[in-house]
Amino acid sequence: MGLILTILGAAVLLFVLVIWIRRRRDRDEFDQHRITAEELHQWMNSNREILVFDVRQPLDLLANAQIIPGARRIPPKEVLEKPLLIPKDKDSVVYCTCPSDKTSKKVLHRALSLNFSRIKFLSGGLAAWKAKGYPVEQYTESFHLDTAT
């Protein structure tokens with residue numbers, strides 16, 4: 001009985017270790033692809049060619065119809081189904097308004113799984129951008145309220 005409990009305990013410990021290693025690897029991967037509002041603002045002001053994508057959920061956009069100037073809106077559902085809507089060969093930044101940048105990270109994860117290397121997510125999303133006093137503009141294009149992702 002003692003041997004079975006020892007083996008079971010070792011298996012549980014191994015399982016927890018594997019989960020921890022995976023989460024750590026994912027966190028490190030996200031850290032490599034994170035950009036701050038200050039860094040994005042500097043890039044945009046340096047005339048560096050960078051594409052910015054607003055990947056907020058439609059209801060989030062409805063609640064706050066502001067967008068970073070020059071950003072292109074792509075519904076998260078569309079970009080997750082067709083990641084090549086974001087060019088692989090250009091520096092790109094995605095942002096959202098989710099707590100913990102959930103939608104941006106989901107889009108980033110999908111892009112990284114397809115070997116995108118020039119994509120980042122805006123840490124803190126639109127709120128971080130606005131908190132620094134950087135400009136926003138009103139989003140006036142029509143959009144669908146389909147919230148499924």
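Residues numbered from 1 in each chain as written. Predicted model: local features only at pLDDT ≥ 70, side-chain atom pairs only at ≥ 80, totals over all residues. Heavy atoms only, no water.

A tally of helices and strands in the protein chain yields six helices and seven strands. Relative to its full complement of 149 residues, the protein chain shows a buried share of 32%. Across the protein chain, contacts joining residues at least 24 apart in sequence account for 73% of those joining residues at least 6 apart. Total accessible area on the protein chain stands at roughly 9200 Å², and carbon and sulfur atoms take up 57% of it. (Helix = DSSP H or I, 4+ residues; strand = E, 2+ residues; numbered from the N terminus. Buried < 20%, exposed > 50% of the residue type's maximum accessible area, 1.4 Å probe, protein only. Contact = heavy atoms within 4.5 Å. Areas by Shrake-Rupley, 256 points an atom, 1.4 Å probe, with all protein chains shown as cover.)

The strand order β1-β6-β5-β2-β4 describes an open sheet built from five strands, whose pairing is parallel. Either end of the sheet is taken by a strand with one partner, and the two such strands are β1 (34-35) and β4 (72-73). Pairing analysis gives two bridges linking β1 to strand β6 (residues 119-122), with the strands arranged parallel. Within β6, the position partnered with Arg34 by the bridge is Phe121. (Pairing = 2+ DSSP bridges.)

Structurally, Ser92 can be placed in strand β5 (residues 92-95). The class for Ser92 is buried, based on a relative accessible area of 1%.

Before going further, it helps to examine helix α2 (residues 37-45). All buried positions along α2 are accounted for by Ala37, Leu40 and Trp43. The arc that holds every buried residue of α2, seen down its axis, measures 125°, which confines them to one face. In α2, the exposed residues that point more than 90 degrees away from the buried face are Gln42 and Asn45. Looking at the packing, one finds that the buried side of α2 touches β1, β2 (51-54), β5, β6 and α6 (125-131). Directly after α2, the chain includes Asn47, whose backbone phi takes a positive value near 65°. (Arc of directions from axis to C-beta.)

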